[in-house]
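# Observations on the model geometry
Now for the letters of each chain:
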Amino acid sequence: MSLFGGSISRSAPSRVPVGARVVWRGPLAWSAGAPVRSAKETGGRRLAVFGPCGATDAELIRLVWSADLPALDMAATAWAGAYTLVFDDGYGVCTVWADPAGAAPVYTARRDGAPVWASSSLALASLLDAEPDTAWLAAYLANPTGWVPGRSAWTGVEQVPPGHRWSATASGVSGFTPFWRVPELAWADAVRRLRADLAGGVRIRVSGRAASSDLSGGLDSSTLAALAAQCGPVTGLTYHPKGRESGGDIDHARAVARVFPVIRHRFMALGPEHLPFTGLGSLPLTDEPAPSAMVHAQLGAQLDMLDSEGIDVHLTGDGGDSLFMPPPVHMADLARSGRFLRLAGDAQAWARLYRSSPWTAMAAACNAPGKLGGASAPRPWLTRYSLDLADAVTAPYSEVNGLGYADRHLLEEARYVGRSAATENQLAAAHGIEMHSPFTDTRIVESVLATPAPERWSAHRYKPLLTDVAARLLPPAVLQRGAKGVFAADHHHGLRANKAGVLDLTGGYLADLGLVHPAALRSLLGNAVLGVDIPWGLIEPVLGTELWLRSSTAAGQAVQWEETA
């Protein structure tokens, strides 16, 4: 787990994680694994960058010597990567810039009246001996991508809003200030910037290291594997069912590996032991429920295999679908701006693709845009208390007032994927692997948001923006794919094989908190056992949250701290 935090109280003893490496003192910052670079000048100003960042050492030195807030605001998004910028002005003020895309989340709390901060909410929870926050849990179950200001998964611990800087003084005064605005780019400029920043984000993570990448045969992972191959040897990992070693995704993955001989193509055969819901024991405790909790049998086996082969860092394509294959939420913006001819055309194209009525999409665009993105799907397993609590604490991001509906939807999705990717990296760290998702980098999200929403969506081209980025990189057969493999059947098989363990998760902490109806959950899962399609994307967070809560009682022991003068 990567930890770093600071105490603004200079006179009293502080507490640091046992075994942590002190990067600077007064205010203090710690890291137990995240790459850290720092620069200082003779007047006492100090600058640190936590996480993968494309800045050169010379650029950091120039920044700390000439630093003012506008320059630092720009620096917080100037380079490829997912990083946190920290500045000590030499006069007792510490300022932390929270990554706008949310992939390097920052948390704050107060201990003995003094503000503290960390890259891990679990670290602060262990420092404060905090318990899970019921209101945050309710909001997460109702809408995992929603923003819950002033809270985190732990009571007394607050996430710094992405795109804001947090400043604290030696006297204990602290506050948030927004610093980020979405740029505007023409399509061709966005493609060029995306190509450069994606290549840079991959390069700073894999260069000179034993690296691997998902290589599913889909556009997202193939792009990352190809970019990693341009930096040196890389292991490409492809899953396949036992007994099936050709066809579909497998053939497309092989096509990419043939183009890049430095890709060492490895296959991982998936059997019953890797099915979803297998081995639902205790997982390493993370900042919040990890999306992969229900499929950890497969993820854990993959990470163990990579660790046995000496891999240091692994790339995933997480975030690619949210950025490059959005639902037709842009139609709400078309309706609001009076572009009814384009609205009618897109609604008809959507209807042909999904064999539905265009009038349904048009009505939703005009009256209920949440239906276009799935946000209004019913959740009968949540109690009225849970839904009311979620409504009371959820709010829009403060800086999105100038964004259209489609941009707000994309930003919420991207920030959730970025934050949850941080929890996945915590799981990977328990296996000795760094796991990174370059599609969650701020400059990548910025470039996508900078293009008009109607241009990003297409019923005729698969992921048009990413396809243009990878046009000269990947084989035509991969670029021209119109879909990718779907694995819903694995969930049904896994549920049947592990029915008792899954049903046990329907009753427990969440039920005791009054957040879920156990009978409704059991009924839904009973239908799934019989082969009925259910909304797995909504049910898995509930089961994963219950599993996380069963581990959360160990929060006080999750990170060991010691006093230091």
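In this text the structure is predicted, and so the values were computed from the model without any measurement.

Calculation notes
- Residues numbered from 1 in each chain as written.
- Predicted model: local features only at pLDDT ≥ 70, side-chain atom pairs only at ≥ 80, totals over all residues.
- Heavy atoms only, no water.
- Helix = DSSP H or I, 4+ residues; strand = E, 2+ residues; numbered from the N terminus.
- Rg over C-alpha atoms; globule rule 2.2 N^0.38 Å.
- Buried < 20%, exposed > 50% of the residue type's maximum accessible area, 1.4 Å probe, protein only.
- Areas by Shrake-Rupley, 256 points an atom, 1.4 Å probe, with all protein chains shown as cover.
- Lys, Arg positive; Asp, Glu negative; His and termini not counted.
- Charge placed at Lys NZ, Arg CZ, Asp CG, Glu CD.
- Phe/Tyr/Trp six-rings, centres within 6.5 Å; stacked < 30°, edge-to-face > 60°.
- Lys NZ or Arg CZ within 6 Å of the ring centre and 35° of its normal.
- Contact = heavy atoms within 4.5 Å.
- Pairing = 2+ DSSP bridges.
- Axes fitted to C-alpha atoms, helices over the stretch in contact; angles between N-to-C directions.
- Expected span 1.5 Å × (residues − 1).
- Right-handed = clockwise from strand over helix to strand, strands pointing away.
- Arc of directions from axis to C-beta.
- Polar contact = N/O pair within 3.5 Å; in protein donor to acceptor, adjacent residues only side chain to side chain.
- Core = buried A, V, L, I, M, F, W, Y, C linked by side-chain atoms within 4.5 Å.
- Disulfide = S-S within 2.5 Å.

## Considering the overall build of the protein
Along the protein, the regular secondary structure elements total 25 helices and 19 strands. For the protein, the C-alpha radius of gyration of 23 Å lies close to 24 Å, the compact-globule estimate for 565 residues. The principal-axis extents of the C-alpha atoms in the protein amount to approximately 65 × 55 × 55 Å. Out of the 565 residues in the protein, the part that is buried amounts to 57%. Working note: accessible area of the protein is about 22,500 Å², and carbon and sulfur atoms make up 54% of it. Between the mean site of the 48 positive side-chain charges and the mean site of the 52 negative ones, the protein shows a separation of 4 Å.

## Considering the packing of aromatic side chains
Across all of its chains, the model carries nine aromatic pairs by this definition. Summarising the aromatic geometry, the rings of Phe50 and Trp117 are spaced 6.0 Å apart at their centres and angled 80° between planes, so their arrangement reads as edge-to-face. You can see Phe50 sitting in strand β6 (residues 46-50) and its partner Trp117 sitting in strand β10 (residues 114-118), a full 67 residues away along the chain. When sorted by exposure, Phe50 lands in the same class as Trp117, which is buried. Ring centres of Trp79 and Tyr83 lie 6.2 Å apart, and the angle between their planes is 45°; this geometry places the pair in the tilted category. Take Trp79: its relative accessible area is 13%, and that puts it in the buried class. A connected cluster of aromatic rings, assembled from ring pairs, spans Trp350, Tyr354 and Trp457. Between the NZ or CZ atom of Arg415 and the centre of the ring of Tyr397, over which it lies, the distance is 4.4 Å.

## As for the environment of Thr442
Checked against the element boundaries, Thr442 lands in helix α16 (residues 442-449). Look at Thr442 and you get buried, because its relative accessible area is 5%. Taking the C-alpha atoms as reference points, Thr442 and Arg415, separated by 27 residues in sequence, lie 9.5 Å from one another. Not counting residues within four places of it along the chain, the set of residues in contact with Thr442 comprises Thr77, Gly81, Asp99, Pro100, Ala101 and Trp180.

## Quick notes on the sheet that holds strand β7 (residues 84-88)
Strand pairs in the sheet, formed through backbone hydrogen bonds, run parallel or antiparallel to each other. The strand order β5-β6-β7-β8-β12-β13 describes an open sheet built from six strands, whose pairing is antiparallel. The strands lining the two open edges of the sheet, one partner per strand, are β5 (36-40) and β13 (174-178). Between one strand axis and the next, the sheet turns by 15° as a mean value, whatever way the strands run. Relative to strand β8 (residues 94-97), β7 runs antiparallel, the two being bridged by four bridges. If you follow Leu85 over to β8, its bridge partner there is Trp97.

## A look at helix α5 (residues 187-206)
Think of an α-helix as 3.6 residues a turn; residues three or four steps apart then line up on the same face. If you check α5, its first and last C-alpha atoms are 28 Å apart, about what 20 residues at 1.5 Å a residue would give, namely 28 Å. The complete set of buried residues in α5 reads Trp187, Ala190, Val191, Arg193, Leu194, Asp197, Leu198, Gly200, Gly201, Val202, Arg205 and Val206. Positive backbone phi, at 75°, marks Gly208, one or two positions downstream of α5.

## A word on the pairing of strand β12 (residues 164-168)
Of all five residues in β12, four are buried; the element is thus mostly enclosed. Taken together, the four bridges between β8 and β12 define a ladder with antiparallel strand orientation. Note on β12: the bridge partner recorded for Thr95 is Ser167. As paired strands, β12 and β13 are joined by five bridges and run antiparallel to one another. Within β13, the position partnered with His164 by the bridge is Pro178. As consecutive antiparallel partners, β12 and β13 are separated by five residues, and within that stretch Gly172 has a phi angle of approximately 100°, a positive value.

## Here we look at the sheet that holds strand β16 (residues 263-270)
With parallel pairing, the five strands of this open sheet are ordered in space as β16-β15-β14-β17-β18. Among the strands making up the open sheet, the edge pair consists of β16 and β18 (434-436). Ignoring strand direction, the axes of neighbouring strands in this sheet form an average angle of 25°. When strand β14 (residues 211-214) meets strand β17 (residues 313-315), the two strands line up parallel, connected through three bridges. Looking at β17, one finds that Ser212 is bridged to His314. Against the sheet, α5 contacts β14, β17 and β18, and its axis sits at roughly 160° relative to β17.

## With respect to the pairing of β16
In this structure, strand β15 (residues 234-241) lies alongside β16, joined through eight bridges in parallel fashion. Note that in β16 the partner of His240 across the bridge is Ala269. The parallel pair β15 and β16 is bridged by helix α7 (residues 249-259), and the resulting crossover is right-handed.

## Some details on helix α12 (residues 358-367)
Residues of α12 that are buried: Ala361, Met362, Ala364 and Ala365. All buried residues of α12 lie within an arc of 160° about the axis, which places them on one face of the element. Opposite the packed face of α12, turned more than 90 degrees from it, sit the exposed residues Trp359, Thr360 and Asn367. The elements touched by buried residues of α12 are α10 (330-336), α11 (340-354) and α13 (370-373). Measuring from the backbone nitrogen of Trp359 back to the side-chain oxygen at the start of α12 gives 3.1 Å, which picks out Ser357 as the cap.

## Some thoughts on the nonpolar core
If you look at the biggest cluster of nonpolar residues, it comprises 66 residues, and the most contacted ones within it are Ile263, Leu323 and Leu474. No other element matches the seven residues that helix α6 (residues 219-229) contributes to this core. When near neighbours in sequence (up to four residues on either side) are disregarded, Leu474 contacts Leu219, Ser222, Thr223, Ala226, Val256 and Leu479. Core analysis: the next-biggest nonpolar cluster, separate from the first, contains 53 residues, Val116, Ala142, Val542 and Leu547 among them.

## Re the environment of Gly156
If you trace the backbone, Gly156 turns up in the loop between α4 (134-142) and β11 (158-159). Look at Gly156 and you get exposed, because its relative accessible area is 59%. With 26 residues separating them in the primary sequence, Gly156 and Ala130 have C-alpha atoms 7.0 Å apart. Among all residues touching Gly156, those that are not within four sequence positions of it are Thr108, Ala109 and Leu128.

## Some points on the state of the cysteines
Taken as a whole and assessed by the stated rule, the structure comprises zero disulfides. Unpaired in terms of disulfides, Cys231 finds its nearest cysteine sulfur in Cys53, a separation of 16 Å. Accessibility expressed as a relative area gives 31% for Cys231, which makes it partly exposed.

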